Amino acid sequence: MNSIVEDIKARIDIIDLIAEHVELKRAGQNYKGLCPFHSEKTPSFMVNPSKQIFHCFGCHKGGDIFAFVMNYENMTFHEALSYLSQKAGIKLENKSRNLEVKSGFKENLFAIQKEALIFFQNNLKISKQAISYLNERGLNSETIEKFSIGYTKNAKYDGNDALFNHLRVKGFATEHIKASGLVNFGEHGTYDFFRDRLMFPIFDLQGRAIAFGGRILSSSKNAPKYINSPDSIIFKKGESSYGLNIAKNSITQKGYSIIVEGYLDVISCHQYGFTNAVAPLGTALTPGQLKRLKRFSSKVLLVFDGDSAGISATKRSIELCYAEGMIVKILLLPKGEDPDTFLRKHGEENFRKYMGRAISPVEFLLKVSGRSKLDAVRYMLQIIATCPDSLQRDETIRELSDRSKINELTLREELNAIKKNQGSRAKIQERGRNQKSDILNPCIYREEQMLLTIALSFPDRAAPIANKIDPMIIEDPVIRGIFEKIKKGLSMEKLLSVCDEEEQRLITMLSINTEIDEEYVEANVEEITEGCLKAIALRKLERQIKSAGEAGDVKLLNSLLFEKKSLSQKSKLLLKGGNLAKN
Ligand SMILES: [Zn+2]
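Residues numbered from 1 in each chain as written. Predicted model: local features only at pLDDT ≥ 70, side-chain atom pairs only at ≥ 80, totals over all residues.

Enquirer: Tell me what's going on with the overall build of the chain, and back it up with residues and numbers.
Expert: Of regular secondary structure, the chain possesses 27 helices and 15 strands. Burial analysis of the chain (583 residues in total) assigns 35% to the buried set. Looking at the chain alone, contacts between residues at least 24 apart form 63% of all its contacts between residues at least 6 apart. (Helix = DSSP H or I, 4+ residues; strand = E, 2+ residues; numbered from the N terminus. Buried ≥ 20, exposed ≤ 12 C-beta atoms within 10 Å, placed from the backbone. Contact = placed C-beta atoms within 7 Å.)

Shown next, in the form of structure tokens:
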């Protein structure tokens, strides 16, 4: 397996791979960009071309191309392997292909969703009632196919557990079926989560079914109109948007996405040629959904109902878009209309014309605020203050001044006051977040980290350094673990693939550590190594002296003190070059 991983790494350059998703700029030996894994205004995401690794100094994610793909695309290692091997043009052997299908809980869940998708689609083909409903709603067969729409009721298995029986016949384990969320395991037995519903599958960006939305068909029933699969290992409601797998290319081409409220709105939009439409999943829009959308375009057109629920949903969505630095426009449809009904009534041409009436957030808030103009202005300032993009902030302030007739300077003063307030709140949160791991604090195990840094910066020295070190003297468990691996003679390329996530983070952090003066370290590497080893040994001695003193063991204490004295004398010279950081 390792040789495939190495082959792939040799063919795919990490800079090329990451540059497909993140705008990278050269910064010394590294490339810098805005981290795709957390929101930030100034880049702390670094990629190093010579070591082929990345590290974010904000959220501490780091690793090689595999770690990047697994994090970015939310893939398992085997999925990343098959994805990257395809990209590299390397054929995977059958052995690893099978592994990909059979191994792992996650793969089984994907297989179950796929099986359910086929099952629902086949049910639809034989249900006159469901088909006639879809026809009434104006959906053509091409659209039904494109969105893989299905139906739950199955004549062969009469009862409430048609899908469950089908999945069992297909040989899926109960624990996997349970985890899929498609079947309820209650006190009174098992029954399908979705029954007598039109099924709208939800796909991830790779086009794999990960969940379903179901619309009730018989209106008489006392059940909710729409329900969605519960969250699972492969499905997070707050991160997926309906239709994005189909709309993503069109969003990039058209330069914006259309966000509508419901599944049928998305489907209608696509059928009428508005192929950049997506929807949140039955809930309000979330930051996670916007982050994904932003990968394809940072411009958004919100299309909501003009009723009061639509207006408050729009307000909340504007807040989220600004916080993500996304540019947003709003299209309010006439009361009682949604994109689906509007398109069917008035057609594509009129919808396009109507889209020309889209308004800015400032216009929208002033329009819906009625007589309380000042409240609307204050609210808009609060929203602007969260925006990470200074140009967008500037432009919105100017527009707000124009439309509200309030002096621009006054607005800017007010904005600064709000930002000061928010800033101190954010700092407190930030502090809380940073208090997690000692290992990322360079002061505690300074010498141990220095040794590891040297080993990572000068790979040809790694083995000799590791051989000098008895891993047992290393106090930090993560650093000790890494040294044990280096000691086994692993090459630097292989090292990352055998390390766990915490070890990978530390390795990438130290490898892209911009505060080390590599020239100085290289010129003095022997001395520094010796110095670090001595310092570590001294620290250990001091601890032993302390416990010998506490235990009252005079004999041991004397011999330890003697040992310390001779060690200190020897190391005095060596520790002189202790300041390793650049000025
Ligand atoms: Zn980050």
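From this point, the narrative continues.
Enquirer: Tell me about the environment of Lys 540, and name the residues and values.
Expert: Turning to its location among the elements, Lys 540 is positioned in helix H26 (residues 525-551). Counting along the chain gives 67 residues from Lys 540 to Ile 473, while the straight-line C-alpha distance between them is 7.8 Å.

Enquirer: How would you summarise the pairing of strand E9 (residues 197-203) if you had to cite specific residues and measurements?
Expert: Within E9, seven of the seven residues are buried, leaving the element largely enclosed by the surrounding structure. Burial along E9 is two-sided: Arg 197, Met 199, Pro 201 and Phe 203 facing one way and Leu 198, Phe 200 and Ile 202 facing the other are all buried. Pairing of strand E6 (residues 150-151) with E9 involves two bridges; the strand directions are antiparallel. Note that in E9 the partner of Gly 150 across the bridge is Met 199. (Pairing = 2+ DSSP bridges.)

Enquirer: Explain the nonpolar core residue by residue, including any values.
Expert: Membership of the largest hydrophobic core comes to 86 residues, with the highest contact counts inside it found for Ile 259, Val 266, Val 300, Leu 302, Val 303 and Met 380. Ranked by residue count, the leading element in this core is helix H17 (residues 373-385), at seven residues. Excluding residues that lie within four positions of it along the chain, Val 300 makes contacts with Tyr 256, Ser 257, Ile 259, Leu 293, Cys 321, Met 326 and Val 328. (Core = buried A, V, L, I, M, F, W, Y, C linked by C-beta atoms within 7 Å.)

Enquirer: Which residues make up unusual backbone geometry, and what are the values?
Expert: Trans peptide bonds make up most of the peptide bonds, and negative phi angles are found at most residues other than glycine. Although it is not a glycine, Ser 148 adopts a positive phi angle of roughly 50°. With respect to the helices, strands and loops of the structure, Ser 148 is situated in the loop between helix H8 (141-146) and E6. Residue classification places Ser 148 among the partly exposed positions, given that 18 C-beta atoms sit within 10 Å. The phi dihedral of Asp 196 is positive, around 50°, even though this residue is not glycine. Relative to the assigned elements, Asp 196 resides in the loop between strand E8 (189-192) and E9.

Enquirer: Give a detailed account of the confidence of the model for the chain, specifying residues and quantitative values.
Expert: In this model, the chain carries an average pLDDT of 84, and 90% of its residues clear a pLDDT of 70 or more. Across the chain, element-level confidence peaks in strand E13 (residues 277-278) with a mean pLDDT of 97 and bottoms out in helix H5 (residues 94-102) with 46. The model gives residues 96-102 a pLDDT under 50, and that stretch makes nine contacts with residues more than four places away or in other chains. (pLDDT = per-residue confidence, 0-100.)

Enquirer: Outline helix H24 (residues 501-511), supporting the account with residue identities and numerical values.
Expert: Of all 11 residues in H24, nine are buried; the element is thus mostly enclosed. Among all positions in H24, only Glu 503, Gln 504, Arg 505, Leu 506, Ile 507, Thr 508, Met 509, Leu 510 and Ser 511 are buried.

Enquirer: Which residues make up the sheet that holds E9, and what values go with them?
Expert: With antiparallel pairing, four strands are arranged side by side in an open sheet as E6-E9-E10-E11. The open sheet has two edge strands with one neighbour each: E6 and strand E11 (226-228).

Enquirer: Go over the environment of Ser 404, please, and point to the residues and values.
Expert: Within the secondary structure, Ser 404 is located in helix H18 (residues 390-404). Given 17 C-beta atoms within 10 Å, Ser 404 falls into the partly exposed group. On a C-alpha basis, the gap between Ser 404 and Glu 363 in space is 9.4 Å, while along the polypeptide they are 41 residues apart. Apart from residues lying up to four places away in sequence, Ser 404 is in contact with Leu 366, Lys 373 and Val 377.

Enquirer: Run through the pairing of strand E3 (residues 45-48), naming residues and quoting values.
Expert: Sheet analysis places strand E2 (residues 30-33) next to E3, joined by three bridges and oriented antiparallel. Within the sheet, the bridge partner assigned to Tyr 31 lies in E3 and is Val 47. In this sheet, strand E4 (residues 53-56) lies alongside E3 in antiparallel orientation, the contact comprising four bridges. Its bridge partner lying in E4, Phe 45 is registered against Cys 56. Linking two consecutive strands that pair antiparallel, namely E3 and E4, is a turn of four residues; a positive phi of about 55° is found at Gln 52 within it.

Enquirer: Could you give an account of the packing of helix H16 (residues 361-368) against H18, naming the residues involved and the relevant values?
Expert: Contact geometry for H16 and H18: axes closest at 9 Å, N-to-C directions at 35°. By crossing handedness, the relation of H16 to H18 is classed as right-handed. Here Val 362, Glu 363 and Leu 366 of H16 lie close against H18, whose contacting residues are Thr 396, Glu 399, Leu 400, Arg 403 and Ser 404. Here the residues of the contact of H16 with H18 sort into three nonpolar, two polar and three charged. (Axes fitted to C-alpha atoms, helices over the stretch in contact; angles between N-to-C directions. Left-handed = near helix turned anticlockwise from the far one by under 90°. Nonpolar A, V, L, I, M, F, W, Y, C, P; charged D, E, K, R; others polar.)

Enquirer: Let's hear about the packing of H16 against H17: which residues, and what values?
Expert: Put simply, H16 and H17 touch, their axes get as near as 8 Å, and they point 150° apart. As the angle between them shows, H16 and H17 are arranged roughly antiparallel. Our pair here, H16 against H17, has a crossing hand that is right-handed. Between H16 and H17, the residues in contact are Val 362, Leu 365 and Leu 366 and Lys 373, Ala 376, Tyr 379 and Met 380, respectively. (Parallel < 35°, antiparallel > 145°, perpendicular 65-115°, else oblique.)

Enquirer: Outline the sheet that holds strand E14 (residues 299-304), listing residues and values.
Expert: Read from one edge to the other, the open sheet built from four strands follows the order E13-E12-E14-E15, with strand pairing classed as parallel. Only two strands of the sheet have a single partner each, and these edge strands are E13 and strand E15 (327-332). Bridging between strand E12 (residues 257-259) and E14 involves three bridges; their strand directions are parallel. Among the inter-strand pairings, Ile 259 is bridged to a residue of E14, identified as Leu 302. Against the sheet, helix H14 (residues 308-323) touches E14 and E15, its axis set at about 170° to E14.

Enquirer: Now, about the environment of Ser 232: what can you tell me, with residues and values included?
Expert: Residue placement: Ser 232 occurs in the loop between E11 and helix H11 (244-254). The exposure class assigned to Ser 232 is partly exposed, which follows from the 18 C-beta atoms found within 10 Å. Separated by 51 residues in sequence, Ser 232 and Gly 181 place their C-alpha atoms 7.0 Å apart. Excluding anything up to four places from it in sequence, Ser 232 contacts Leu 109, Ala 179, Ser 180 and Gly 181.

Enquirer: Before we move on, could you go through helix H22 (residues 477-487) and cite the residues and values that matter?
Expert: Buried within H22 are the following residues: Val 478, Ile 479, Ile 482, Phe 483 and Ile 486. Considered in projection along H22, the buried side chains sweep an arc of 135° and stay on one side of the axis. Those residues of H22 hidden inside the fold are in contact with helix H20 (446-457), helix H21 (459-468), helix H23 (492-498) and H24. Looking one or two places after H22, you find Gly 489, whose phi comes out positive at around 85°. (Arc of directions from axis to C-beta.)

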